[in-house]
Structures are given as C-alpha cells and as structure tokens.
Amino acid sequence: MPHTLDEFNRATPADAERMLGGLYEHTPWIAARAVQARPFRSLAQLKHAMADALDKAGADAQLALIRAHPELAGKAMVARTLTAESTNEQSQAGLTACTPDEFARIGELNAAYNARFGFPFVLCVRGPRGTGLGRRQTIETFERRLRGHPDFERAENLRQINRIAEIRLADKFGAPPTLGDEVWDWHEKLAQHSDPGFAEAGQLTVTYLTDAHRACAQRISQVMRDAGFDRVHIDAVGNVVGRYDADPAVAQPKTLLTGSHYDTVRNGGKYDGRLGIFVPIACVRELHRAGRRLPYHFEVVGFAEEEGQRYKATFLGSGALVGDFRPEWLEQQDQDGITMRQAMQNAGLCIANIPKLRREPADYLGFIEVHIEQGPVLNELNLPLGIVTSINASVRHVGEYVGQASHAGTTPMNRRRDAACAAAELALFIEQRAAKDGDSVATMGMLAVPSGSINVVPGRCSFSLDLRAPTDAQRDALSNDIVAEARAIAERRGVQCQLTETMRASAAPSAPAWQRRWEAAVESLGLPVFRLPSGAGHDAMKLHEVMPQAMLFVRGENAGISHNPLESTTANDMELAVRAMQHLLDAVAADQHQ
C-alpha cells in the first residue's frame, strides 16, 4: 500500500527514513536530513527539503551521489545489479530493449562522458511526463550534454537526480500528478498542428491565422467545451474566449480574466503561452466536475497573437481587449504578400467587430497569467514556481557606425577608422553596464558589416540594442549611459554614430494585492516564495494598461530555455501551477463573499 503524508509525519524517524528508501541512489542521508524537518504540508515541500539538503551538502557529497548512479544501459543493467527503481526506470525508457547499434552508441557516449567530466551521465529517463523517454530522445540528450561545460553538467546531473527522486516519491506515496498529466497531454495534442514546411521537419511553428493556427483555435475551443465552460467562441481577431459563469445567486458579479497566447515563434517550444491557457482550463474543469460556481465570472482567453511572427505587429490578441488595435496593421503583408485584412477575411473573422472587443475595466477584478519562466533562475534554484514582481521595461535601438573602408594590409593600426571595432567596444560596454545593475540586461542581437571583405578594414557596421530593466527609471538610466558611450566611442575612434530608437515599452509592475494572492497560493503548497522580474514581454503587460495584473512563473527544464524545441517543463510542475491557481481562485472567492 502507498504511504500517506500523515503517516510519514507521525512515523518514528527510523520508519520515516525507511519510507523514503531508494529515492536517492545509495544515498540514504538525504532522506534522513529531510525527516528532521517534519512535519510537511505537501509532498512538494518534502521534495524541496530533500533537494535543499543536497544543495547544502557540498561538492564532495554531491559528486559521491552522482558517482553512485549507474551508467545508462551500462554494465550494471547487463549484469542485472541495478536497484529495483533504476531497473524500472531504464525499462520504461526502453533501454533494456536497445538494438545492438543503440547499445553500442550509448556505450561510446558513457565512456566519452566519463572521460571528459569524471563522473557518469545522469538523466531522468522517465522524462517530464513520467512515462519514459524514447531511446532516440535519450541518445540525443546524451550527445547534446556531452558538449556542455563541466560546472553546468555537474549541476544538471543533480537536477536530474532530484527529478528522479520526485517521481519515485510520487510512486511511493501513490500521488501521481493527475492534473498535470492531463495538462501535459493537452499540450502534446495542440503541438500536432504546425505550419507547412515546419510540420514536415518535425518543428513547431504556429503563426497568425494560418491553417495550423485556426486548427489550434478549434482544438482549444473543444477542450474548453469539454471542461464545462458555459460559453466558448472565437472573437474578431481570432482569440479563443471561454467563460465560466458566476454563481447565479450573486448580483452583478464582476469577472476575473486570465489567459495567454497560442501562437509560437518559428521552430519554438510547446509551452510558451499555451501553459497559461491550459492551467486555468484545468481549474474550470475541476470546478465543473464538483458542481461549484464562483462569486465572479471566470474568463479564459487563448490570445491569437503575441509573437509578431507573420506580421510586424505584436500583442494583437491582448491588445484588442484594451482597445489597442491599429487599423494600419490591416494593410501589412506577410512574406507571401497576403495582407492581414485578407488573412482575417479568409479566416471568417469580422473586422468591423474588432472595436467591440475592448473590455470595460470596471467590469473586471483583474488579470492573472501563468507562464513558463523562459529563463534559468527557477531551474537553478530547484523551485517549481516563482512570483513575478514586474514585467521589465524595455527600449530598442538600431544603429550604425560609419568609418573608412581601407586596405587591411597597408593601413597602420593607429590610422584606422574601423567601424566594426567601434561596435565591438560598445558590445563589451553594454555587457559591463547592465551587469552593474544586477537585474538589467542589454543585448546586441544583430551585428553586421555590409559588403565586408576579409582584407578590408570595415567602413560600416550596423547593430541593434535591446535594453531591459525592472523599472522605467532604471531602463532610462541604462539607455542614457549606453547611448552616451556609443557616441563617445565614435568620437574617440574618429567614426560617425547613428542611433534610432525603434521601440519603448514601460514596465508593468505586478499589482501588490494580486501578487500577494499568488504568494499565498505558493505558500499554501509548502513551497518557498521566490520573487523575480520578467525579462520577457507577456500579454499581461497589455492588460496592465487597463486593469491590475500579476503573473506566476513555472520552472522550465533544460536550463529554462525557451523559443526553442528544447523548451520543457514537467507534469509535476504543471500540477503545482494548477493547485496554485485553484488556491488563488478560492481566495478571491472568499474575498468576494466578505
């Protein structure tokens, strides 16, 4: 019989340690230290306590644990000397059924990895869903990580070990992440739709109003209907809107708004945006199953466009809800010459109704959004959830240095007017200047020497600047310093500097009351409350223009990478996001009843 958390909390230390036996390969002291921190309110809290004990144990103990792990499809598997847990896991991943070529390749990788890093490669082969990676996935991950930095690989092995322990813990306590599994499966089904050219290559790309985009809208609509939403429709810009009506006994109820986008970047990941659609759908499905109504309407929107991939306009979906849809966008053309107006007409959308989409802020309690972090912070801290304090302010410039093209062999170093070196000096300066703030970021994402030649001193060099900070004032100080230095570099080097600002967006700080609700929700799960800014833009920053907003971040795997096929999170973390939102919805309901 599976253990219960109450049973574990009441057990003697020795019995409690036995309940946790086998979670960490041949390393019982981690469980022993966690037992000392009882009682626990949740398995998530217990899991975090074990991860924290490992984190504080020091490098020697951590390396000993890594080295206690068997090689994948290695000698221990062949000799059948693996622990029962490892045997089960490698079997679920199909490693016990490798072809001779696969077995030989994994053997080569094991040897190369050990030779390079001095410890074995560790991978949670049951994967993010807990049902097992395929052998091809395992080999591809092995090959990719073989190219990693030693410090990163040691840390990544520990993260994989903690993930293994998380799955084993759920098995021992009979507590699979059922809700998280369903949210995971919804993502997988939605990812079956991809634009032509990318679909054939096995890549996920869904851009505004393509056939794949419209198929996604239909699938999301059906998931909403199946979950028990009272009304579901696709609006005039392609947003999928689901509404779960308030308790009819409540007079003039307001509405709580949530959602995120379902379009993607080209060759992107499965969870960016879409997680913020499916988590609240799961909450509605559970409310509907329980026959519960809230004292407010709950509106979930799958925003049709946020990424600006097909047309040079972003936040089309959320912008329409705040009255920010510009008629001139309709005449923009995509790479095939199709205007946005034509795409909307082909999709059967009524352009004349777009102004009617604007929401009346007085009717709304606020906007909340769940989103994958798209960064490494939560992953490195072993935290599944984080509270967003603000969406960073940003400013962008495009620039060019103009010097003098000249012969690379005959122009002395002290007589050069090298435009590329000027840009290189600026690139190093922005790195140093942003680092001084601690939480500002600066990027020179484009750098080019037009018509450059290997034997010519660059006479022109174009570049871009993307500058972000948690507040407008901090962004402005960063921008002012960088612009001043860009011009000073030009003066010192005898080149011209041309800079044009192309975009400026204000910070969107979280509404304190809504941020506190997310904090209480995370705390209710027994998890530490960790606050961080969002460096990326989100639909919440558009809704911020008209109503209070706050966001919850969910940890990403693979160092938190996003806008990339490696973007990932786990069913367990999705489960915690659903539980956190359920707590928030109940807290708002309690406030409304007062």
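Now for a description of the structure that goes with this document.

So, how was this worked out
Residues numbered from 1 in each chain as written. Predicted model: local features only at pLDDT ≥ 70, side-chain atom pairs only at ≥ 80, totals over all residues. Heavy atoms only, no water. Helix = DSSP H or I, 4+ residues; strand = E, 2+ residues; numbered from the N terminus. Buried < 20%, exposed > 50% of the residue type's maximum accessible area, 1.4 Å probe, protein only. Contact = heavy atoms within 4.5 Å. Core = buried A, V, L, I, M, F, W, Y, C linked by side-chain atoms within 4.5 Å. Polar contact = N/O pair within 3.5 Å; in protein donor to acceptor, adjacent residues only side chain to side chain. 1 Å grid on protein atoms, 1.4 Å probe; cavity = no way out; pocket = protein on both sides within 12 Å on 5 of 7 lines; lining within 4 Å. Points joined across faces, edges and corners; volume = space filled by probe spheres on them. Nonpolar A, V, L, I, M, F, W, Y, C, P; charged D, E, K, R; others polar. Salt bridge = Lys/Arg side-chain N within 4 Å of Asp/Glu carboxyl O. Disulfide = S-S within 2.5 Å. Phe/Tyr/Trp six-rings, centres within 6.5 Å; stacked < 30°, edge-to-face > 60°. Lys NZ or Arg CZ within 6 Å of the ring centre and 35° of its normal. Pairing = 2+ DSSP bridges. Expected span 1.5 Å × (residues − 1). Arc of directions from axis to C-beta.

So, the overall build of the protein
Working step 1: In terms of regular secondary structure, the protein is built from 21 helices and 16 strands.
Working step 2: Considering only C-alpha atoms, the protein reaches an extent of 75 × 70 × 45 Å along its principal axes.
Working step 3: The 594 residues of the protein split such that 54% are buried.
Working step 4: For the protein, restricting intrachain contacts to residue pairs at least 6 apart in sequence, the fraction spanning at least 24 positions comes to 77%.

Observations regarding the nonpolar core
Working step 1: Of all hydrophobic cores here, the largest spans 80 residues; its most connected members are Tyr-208, Ile-281, Met-344, Leu-385 and Trp-518.
Working step 2: Here the element with the most residues in this core is helix α21 (residues 571-593); it accounts for 10 residues.
Working step 3: Apart from residues lying up to four places away in sequence, Ile-281 is in contact with Trp-186, Val-223, Met-224, Ala-227, Phe-229 and Val-300.

With respect to the environment of Arg-105
Working step 1: Relative to the helices and strands, Arg-105 resides in helix α8 (residues 100-117).
Working step 2: Judged by relative accessible area, Arg-105 falls into the partly exposed class, the value being 32%.
Working step 3: Taking the C-alpha atoms as reference points, Arg-105 and Glu-143, separated by 38 residues in sequence, lie 9.9 Å from one another.
Working step 4: Not counting residues within four places of it along the chain, the set of residues in contact with Arg-105 comprises Ile-139 and Glu-143.
Working step 5: Engagement of the side chain of Arg-105 in a polar contact is seen with the side chain of Glu-143, the distance being 3.2 Å.

Overview of empty space enclosed by the protein
Working step 1: Overall, the coordinates contain three cavities of 30 Å³ or more when judged by the stated rule.
Working step 2: Size it by volume and the largest cavity reaches roughly 140 Å³.
Working step 3: Considering the residues around the largest cavity, the lining is formed by 14 residues, among which His-69, Leu-72, Glu-89, Leu-123 and Ile-164 are closest to the centre.
Working step 4: Of all the elements, helix α7 (residues 84-92) adds the most residues to the lining of the largest cavity, at three residues.
Working step 5: Looking at the lining of the largest cavity residue by residue, the class counts come to eight nonpolar, three polar and three charged.
Working step 6: If you add up the space inside the second largest cavity, you get close to 100 Å³.
Working step 7: Lys-47, Arg-159, Gln-160, Asn-162, Arg-163, Glu-166, Asn-379, Asn-382, Arg-555, Glu-557, Thr-570 and Asp-573 together form the lining of the second largest cavity.
Working step 8: Broken down by element, the lining of the second largest cavity gets its largest block of residues, five residues, from helix α10 (residues 150-172).

Some remarks on the layout of surface pockets
Working step 1: The computed volume of the largest pocket comes to approximately 1,400 Å³.
Working step 2: Along the walls of the largest pocket sit 49 residues, with Phe-315, Arg-396, Arg-468, Ala-536 and Gly-537 positioned nearest its centre.
Working step 3: Of all elements in the fold, only β7 (393-402), β13 (496-505), β15 (531-534) and α20 (539-543) reach the threshold of two or more residues within the lining of the largest pocket.
Working step 4: When residues of the lining of the largest pocket are assigned to their parent elements, the largest contribution, four residues, is made by β13.
Working step 5: Each pocket or cavity is described by its volume, and for the second largest pocket that value is around 1,100 Å³.
Working step 6: Taken together, 41 residues form the lining of the second largest pocket, with Gln-137, Asn-558, Pro-565, Leu-566 and Ser-568 sitting closest to its centre.
Working step 7: Elements represented by at least two residues in the lining of the second largest pocket include exactly α9 (135-145), α10 and α11 (178-190).

Section: the pattern of salt bridges
Working step 1: Applying the stated criterion across every chain yields a total of 46 salt bridges.
Working step 2: Two residues, Arg-341 and Glu-331, come together in a salt bridge whose shortest N-O distance is 2.5 Å. Here Arg-341 is found in helix α15 (residues 340-346), whereas its partner Glu-331 is found in the loop between α14 (316-321) and α15, with 10 residues between them in sequence.
Working step 3: Where salt bridges share partners, they join Arg-105, Glu-108, Arg-136, Glu-140 and Glu-143 into one cluster.

Structural notes on the state of the cysteines
Working step 1: For the structure on display, the rule yields zero disulfides.
Working step 2: Unpaired in terms of disulfides, Cys-98 finds its nearest cysteine sulfur in Cys-124, a separation of 17 Å.

Some words on the packing of aromatic side chains
Working step 1: Under the counting rule described, the total for this entry stands at 13 aromatic pairs.
Working step 2: Between the aromatic rings of Phe-117 and Phe-119, the centroid separation amounts to 5.9 Å while the plane-to-plane angle is 20 degrees, which identifies the pairing as stacked. Both residues of the pair, Phe-117 and Phe-119, belong to the buried class.
Working step 3: Three or more aromatic residues link up through ring pairs in this structure, and these residues are Tyr-113, Phe-117, Phe-119, Phe-121 and Phe-142.
Working step 4: When the ring centre of Tyr-244 is taken as reference, the NZ or CZ atom of Arg-293 above it lies at 4.2 Å.
Working step 5: Seen from the ring of Trp-514, Arg-517 lies directly overhead, with NZ or CZ sitting 4.3 Å from the centre.

What to know about the environment of Glu-166
Working step 1: Here Glu-166 lies in helix α10.
Working step 2: Residues Glu-166 and Ile-139, spaced 27 residues apart in sequence, show a C-alpha to C-alpha distance of 23 Å.
Working step 3: For Glu-166, the residues in contact, after removing those within four places along its chain, are Lys-47, Asn-572 and Asp-573.

Concerning the pairing of strand β16 (residues 549-554)
Working step 1: Counting buried positions along β16 yields six of six residues, so the element is predominantly enclosed.
Working step 2: Burial along β16 is two-sided: the face carrying Gln-549, Met-551 and Phe-553 and the face carrying Ala-550, Leu-552 and Val-554 are both buried.
Working step 3: Note: strand β5 (residues 364-372) against β16, six bridges, orientation parallel. Counted as the bridge partner of Ile-368 is Ala-550 from β16.
Working step 4: With three bridges connecting them, strand β6 (residues 385-391) and β16 associate as antiparallel partners. Bridge pairing in β16 links Leu-385 to Val-554.

Things to note about unusual backbone geometry
Working step 1: Going from Arg-38 to Pro-39, the amide bond is cis rather than trans, its omega being 0 degrees.
Working step 2: Along the chain, the position of Pro-39 falls in the loop between α3 (29-35) and α4 (43-55).
Working step 3: Although it is not a glycine, Asn-267 adopts a positive phi angle of roughly 55 degrees.
Working step 4: Mapped onto the elements, Asn-267 comes out in the loop between β3 (255-261) and α13 (275-289).
Working step 5: Phi angles above zero are rare outside glycine, and Ser-451 is one such case at about 55 degrees.

Thoughts on helix α17 (residues 419-437)
Working step 1: Along its 19 residues, α17 runs 28 Å from first to last C-alpha, staying within 8% of the 27 Å computed at 1.5 Å per residue.
Working step 2: For α17, the full list of buried residues reads Ala-419, Ala-422, Ala-423, Leu-426, Ile-430, Arg-433 and Ala-434. Axial view of α17: buried residues confined to an arc of 95 degrees, hence all on one face. In this structure, α17 carries Leu-428, Glu-431, Ala-435 and Lys-436 as exposed residues pointing more than 90 degrees from its buried face.

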